Amino acid sequence: MSHLNLVFLGPPGAGKGTQAKLLSRRHAIPQVSTGDILRSAVKNESPMGLKAREYMKTGALVPDDVVIGIVRERLECPDAQTGFILDGFPRTVPQAEALTLMLDELGKTLTAVVSFEVDRDELVQRLVGRRTCPACGAGYHVTYDPPRVDGICNACGSTLVQREDDREETVVNRLEVYDAQTAPLKAYYSSKGLLREVPGSGPIDQIERIIHDRIFGSCRDTA
Ligand code: AMP
């Protein structure tokens, strides 16, 4: 089977991470989330993490050279040789151009760019209600997917936390940053014939099926 090299594009809260995890499991290819990698650097207080935190806490983007370096290193790992899902990268046109160059050098091509479409009001509701378990990584939503006991992880009993950048004032900024810097990537990938738009609202398994159809339909179309 040909390699599955994917980009998941969409505003924060659109469900890229949720769907990337499902597809990653189904096809045994890694989910490469620059947000997760940066958050782990922040937690470990590495030099890169200390620098990134200043941008992340206000909802601004971390400088291109930092994230481009992270992705290059990750795509060279053995587990990314049969496919990958880039979740949250690229987020600017220079990042997309760097990715094109990097993939050329690594002898890889993108299979598709899946773009998640969700209403602005719904995104805000999703982001501000999001909670995660700091111990096991499980995700919840206070309204749409609450834990059995308020504020406590079903899986491991730890106290759930809200991401620093999921507070309402930061969320608004992140969505503005998306419109200004990331949304132009839709035109970039559309012009290359790679863009596959999917609705990000609705039941998770239904969205999963639509993504599957859009990706594998696209493989057949371009074969
Ligand atoms: P996410 O988890 O994808 O919402 O990312 C959280 C934060 O990490 C973003 O608000 C940015 O500050 C930073 N970040 C993640 N990916 C990138 C990227 N590709 N370029 C710049 N900053 C990023």
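Residues numbered from 1 in each chain as written. Predicted model: local features only at pLDDT ≥ 70, side-chain atom pairs only at ≥ 80, totals over all residues. Heavy atoms only, no water.

Q: Would you explain the overall build of the chain in this entry?
A: Helix and strand counts for the chain stand at 9 helices and 7 strands. Computed over its C-alpha atoms, the radius of gyration of the chain comes to 17 Å, within 12% of the 17 Å expected for a compact globule of 223 residues. Overall size of the chain, expressed as C-alpha extent along the three principal axes, is 50 × 40 × 35 Å. Residues counted as buried form 43% of the 223 residues belonging to the chain. Summed over all atoms, the accessible surface of the chain reaches about 11300 Å², with 52% contributed by carbon and sulfur. In the chain, 27 positive and 30 negative side-chain charges are present, and the distance between their average locations comes to 3 Å. (Helix = DSSP H or I, 4+ residues; strand = E, 2+ residues; numbered from the N terminus. Rg over C-alpha atoms; globule rule 2.2 N^0.38 Å. Buried < 20%, exposed > 50% of the residue type's maximum accessible area, 1.4 Å probe, protein only. Areas by Shrake-Rupley, 256 points an atom, 1.4 Å probe, with all protein chains shown as cover. Lys, Arg positive; Asp, Glu negative; His and termini not counted. Charge placed at Lys NZ, Arg CZ, Asp CG, Glu CD.)

Q: Even after reading the chapter, I still don't get the nonpolar core, so can you show me in this structure?
A: Most often, soluble globular proteins have nonpolar side chains that are buried together. In terms of nonpolar packing, the biggest core is built from 26 residues, with Leu75, Leu86, Leu99, Leu110, Val113 and Tyr189 touching the most fellow members. Every element with two or more residues in this core is listed here: β1 (4-9), α3 (47-56), α4 (64-75), β3 (83-87), α5 (93-105) and α8 (184-191). Discounting residues that sit within four places of it in the chain, Tyr189 has contacts with Pro90, Ala96, Leu99, Leu110, Val113, Leu194 and Leu195. The next biggest cluster of nonpolar side chains, apart from the first, holds 22 residues, and it includes Ala14, Ile85, Leu123 and Ile215. (Core = buried A, V, L, I, M, F, W, Y, C linked by side-chain atoms within 4.5 Å. Contact = heavy atoms within 4.5 Å.)

Q: Help me understand the packing of α4 against α5, please; the structure alone is not making it clear to me.
A: The description of two packed helices rests on the angle between their axes and on the distance between the axes. Direction vectors running N to C along α4 and α5 enclose 25°, while the axes themselves pass 10 Å from each other. As summarised for this structure, α4 and α5 are arranged roughly parallel, according to the angle between their axes. Seen along the crossing, α4 lies across α5 with a hand that is right-handed. The segment α4 lies against α5, with Asp64, Val67, Ile68, Val71, Arg72 and Leu75 engaging Pro94, Gln95, Ala98, Leu99, Met102, Leu103 and Glu105. (Axes fitted to C-alpha atoms, helices over the stretch in contact; angles between N-to-C directions. Parallel < 35°, antiparallel > 145°, perpendicular 65-115°, else oblique. Left-handed = near helix turned anticlockwise from the far one by under 90°.)

Q: How do you make sense of the environment of Ala14 when you look at a structure like this?
A: If you trace the backbone, Ala14 turns up in the loop between β1 and α1 (16-27). Using a relative accessible area of 2% as the deciding quantity, one classes Ala14 as buried. When the C-alpha atoms of Ala14 and Glu73 are compared, they prove to be 26 Å apart, with 59 residues separating the residues in sequence. Contact partners of Ala14, with chain neighbours within four places excluded, come to Phe116, Val118, Leu123, Arg126 and Gly200.

Q: Mind showing me how you'd approach the sheet that holds β1 here?
A: Whenever strands of a sheet pair, they do so through backbone hydrogen bonds, lying parallel or antiparallel. Strand order in the open sheet made by the 5 strands is β2-β3-β1-β4-β7, with parallel pairing throughout. Looking at strand neighbours, the two that pair on one side only are β2 (31-33) and β7 (195-199), the edges of this open sheet. Between one strand axis and the next, the sheet turns through 25° on average, direction left out of account. Pairing of β1 with β3, which is carried by 5 bridges, proceeds in the parallel orientation. Note on β3: the bridge partner recorded for Val7 is Leu86. Where helix α2 (residues 34-43) meets the sheet, it contacts β2 and β3, and its direction lies at approximately 60° from that of β2. (Pairing = 2+ DSSP bridges.)

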